[in-house]
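Here is what each chain is made of, one letter per residue.
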Amino acid sequence: MGKQRVLSGVQPTGNLHLGNYLGAIRNWVEIQSQYENYFCVVDLHAITAPHTPATLAQDTYTIAALYLACGIDLQHSTIFIQSHVSAHAELTWLLNCITPLNWLEDMIQFKEKAVRQGENVNVGLLDYPVLMAADILLYDADKVPVGEDQKQHLELTRDIAARVNHQFGKEKAPVLKLPEPLIRKEGARVMSLTDGTKKMSKSDPSELSRINLLDPPDAIVKKIKKCKTDPMRGLVFDDPERPECHNLLTLYQLLSGKTKEEVAAECQDMGWGQFKPLLTETTVEALKPIQEQYKEIMGDRAQLESVLREGREKAAAIANTTLNRVKTAFGYSLPL
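An unreviewed UniProt entry lists the protein chain under the name Tryptophan--tRNA ligase, with Laspinema palackyanum D2a as the source organism. Word for word, the UniProt comment on the protein chain under Subunit (unreviewed entry) is "Homodimer." According to the UniProt record, the Sequence similarities (unreviewed entry) comment for the protein chain reads "Belongs to the class-I aminoacyl-tRNA synthetase family."

Below you can see the structure in the form of structure tokens.
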């Protein structure tokens, strides 16, 4: 038997931050040799909220370059851009037509984001879990690395696949494979620097809420110096009354490579004046090799474009095979 297949992706909405890296990409890098991996830049998802057309293409290339800079290895992984494979949009339409509306209206992230968009909430925001399902199902993915906040979307993907198989498949010949989640407990949720109860997010209007992978050292110094803390001395994990303390210790643990026990012992008697410089130095050093590699990759645009072309060809070959299987099951005639 061959390796199981993994599919995941990140939106090109600005720079990647530590939450993206520690909660997802670093995990991809660590396990990539165990799987056949397809990592896409999900630029179709990026326009479910207001976006800047002038920077979308450049942001897309930035994310692809950061994948490589963070350690995604082309020997084990394929990198491609979602919109370059038209099967994503086409399968989404087919799945739309068998997905009950109330399934989408019950999605927690839709409810939260729709409040922010108000009267301008678009159909894409409601429908993007179906696009996410298409992304996954096109590649017959066995595993999908997801954070805790994305588990509901993967459950929806499984429900949609099961519905297709029930309505259009045969008992021993399902149309679509049901994927399983691949969840990393440690570091799965990196929280905001300005509010330890909220997830670190690109959509937060405050730049001080996150550390971006391409932030220069002076920006990192500023953000950690200004990050929210509490007045208590002695730093501890897992105190529900001290969410910022837990978050910052977790960041230090993950970036330093130390165990939770080692960090707890090292920091138990520290004050913030001693800990913040330690976290700053550790963060700057952890991001330095990624930033250096990123500059090298972006300095050879032709090579990056070659990687993405090859990725598109490999991805499209698999995606179109799945799409044709679904279209045949639905009763369509295929192009001659």
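Some details on the overall build of the protein chain
A count of helices and strands for the protein chain gives 12 helices and five strands. Projected onto the principal axes, the alpha-carbon positions of the protein chain cover approximately 70 × 45 × 45 Å. Relative to its 336 residues, the protein chain shows a buried fraction of 49%. The long-range fraction of contacts in the protein chain, counting pairs at least 24 apart against all pairs at least 6 apart in sequence, stands at 74%. Roughly 16,400 Å² of accessible area belongs to the protein chain as shown, and the carbon and sulfur atoms make up 52% of that amount.

What to know about unusual backbone geometry
Glycine aside, the phi torsion of most residues is negative, and most peptide linkages are trans. For D140, which is not glycine, the phi dihedral falls at a positive 50 degrees. Its place among the elements puts D140 in the loop between α6 (123–137) and β4 (143–145). Backbone geometry at D238 places phi at a positive 65 degrees, although glycine is not the residue there. Summarising the element assignment, D238 is placed in the loop between α8 (217–226) and α9 (243–256).

Examining the pattern of salt bridges
One pass over the structure, following the stated rule, counts 14 salt bridges. Its salt-bridge partner being E207, residue R210 comes within 3.1 Å of it at the nearest N-O pair. Relative accessible area serves as the criterion here: at 6%, R210 is assigned to the buried category. What makes E207 partly exposed here is its relative accessible area of 42%. One salt bridge connects K260 with D238, and the closest N-O pair in it is separated by 2.7 Å. With K260 in helix α10 (residues 260–267) and D238 in the loop between α8 and α9, this residue pair connects regions lying 22 residues apart in the sequence. A single salt-bridge network, built from bridges that share partners, covers E207, R210, D215 and K223.

Quick look at the environment of G71
With respect to the helices, strands and loops of the structure, G71 is situated in the loop between α2 (53–70) and β3 (77–81). In this structure the C-alpha to C-alpha distance between G71 and Q32, which are 39 residues apart in sequence, comes to 9.6 Å. Not counting chain neighbours up to four residues away, the residues in contact with G71 comprise V29 and Q32.

Here we look at the packing of aromatic side chains
A full pass over the atoms with the stated rule returns seven aromatic pairs. On the basis of an interplanar angle of 45 degrees and a centroid distance of 5.5 Å, the ring pair of F80 and Y139 is categorised as tilted. Here F80 is found in strand β3, whereas its partner Y139 is found in the loop between α6 and β4, with 59 residues between them in sequence. Residue classification places F80 among the buried positions, given a relative accessible area of 0%. Considering the side-chain rings of Y252 and F275, the 5.7 Å spacing of their centres and the 85 degrees angle between planes classify their relative orientation as edge-to-face. Of this pair, Y252 sits in helix α9 while F275 sits in helix α11 (residues 272–298), and the two are 23 residues apart along the sequence. No difference in accessibility class separates Y252 from F275, as the two residues are buried. Ring-pair connections join several aromatic residues into one group, and the members of that group are W28, F39 and Y67. Its guanidinium or amino end placed over the ring of W103, R163 lies 5.4 Å from that ring's centre, counting from NZ or CZ. The cationic tip of R301 hangs over the ring face of Y61; the distance from NZ or CZ to the ring centre is 3.9 Å.

Points about the state of the cysteines
Overall, the coordinates contain zero disulfides when judged by the stated rule. With no disulfide of its own, C227 lies 11 Å from the sulfur of C245, the closest cysteine sulfur. A relative accessible area of 5% means that C227 is categorised as buried.

Looking at the nonpolar core
The biggest cluster of nonpolar side chains holds 54 residues, and the ones touching the most others in it are L18, Y67 and F275. Among the nonpolar cores identified, the runner-up in size contains 41 residues, and Y38, F80, L104 and L126 belong to it.

Brief notes about helix α7 (residues 151–168)
Given a rise of 1.5 Å per residue, 18 residues ought to cover 26 Å, and the 26 Å separating the end C-alpha atoms of α7 matches this to within 8%. Taken together, the buried positions of α7 are H153, L154, L156, T157, I160, A161, V164 and N165.

Quick look at the environment of Q150
Tracing the backbone through its elements, the reader meets Q150 in the loop between β4 and α7. When neighbours within four sequence positions are excluded, Q150 is seen to be in contact with Q109 and M132.

Some thoughts on the packing of α2 against α11
One way to put it is that α2 packs onto α11 with a least axis distance of 9 Å and a crossing angle of 125 degrees. With respect to each other, α2 and α11 are oriented oblique. The element α2 and its partner α11 pack so that their crossing is right-handed. Across the interface between the two elements, Q58, Y61, T62, A65, L66, L68, A69 and C70 of α2 pack against I290, Q293, Y294, I297 and M298 of α11.

Each value, and the rule that gives it
Residues numbered from 1 in each chain as written. Predicted model: local features only at pLDDT ≥ 70, side-chain atom pairs only at ≥ 80, totals over all residues. Heavy atoms only, no water. UniProt positions renumbered as here; feature names shortened; annotations may be inferred. Helix = DSSP H or I, 4+ residues; strand = E, 2+ residues; numbered from the N terminus. Buried < 20%, exposed > 50% of the residue type's maximum accessible area, 1.4 Å probe, protein only. Contact = heavy atoms within 4.5 Å. Areas by Shrake-Rupley, 256 points an atom, 1.4 Å probe, with all protein chains shown as cover. Salt bridge = Lys/Arg side-chain N within 4 Å of Asp/Glu carboxyl O. Phe/Tyr/Trp six-rings, centres within 6.5 Å; stacked < 30°, edge-to-face > 60°. Lys NZ or Arg CZ within 6 Å of the ring centre and 35° of its normal. Disulfide = S-S within 2.5 Å. Core = buried A, V, L, I, M, F, W, Y, C linked by side-chain atoms within 4.5 Å. Expected span 1.5 Å × (residues − 1). Axes fitted to C-alpha atoms, helices over the stretch in contact; angles between N-to-C directions. Parallel < 35°, antiparallel > 145°, perpendicular 65-115°, else oblique. Left-handed = near helix turned anticlockwise from the far one by under 90°.

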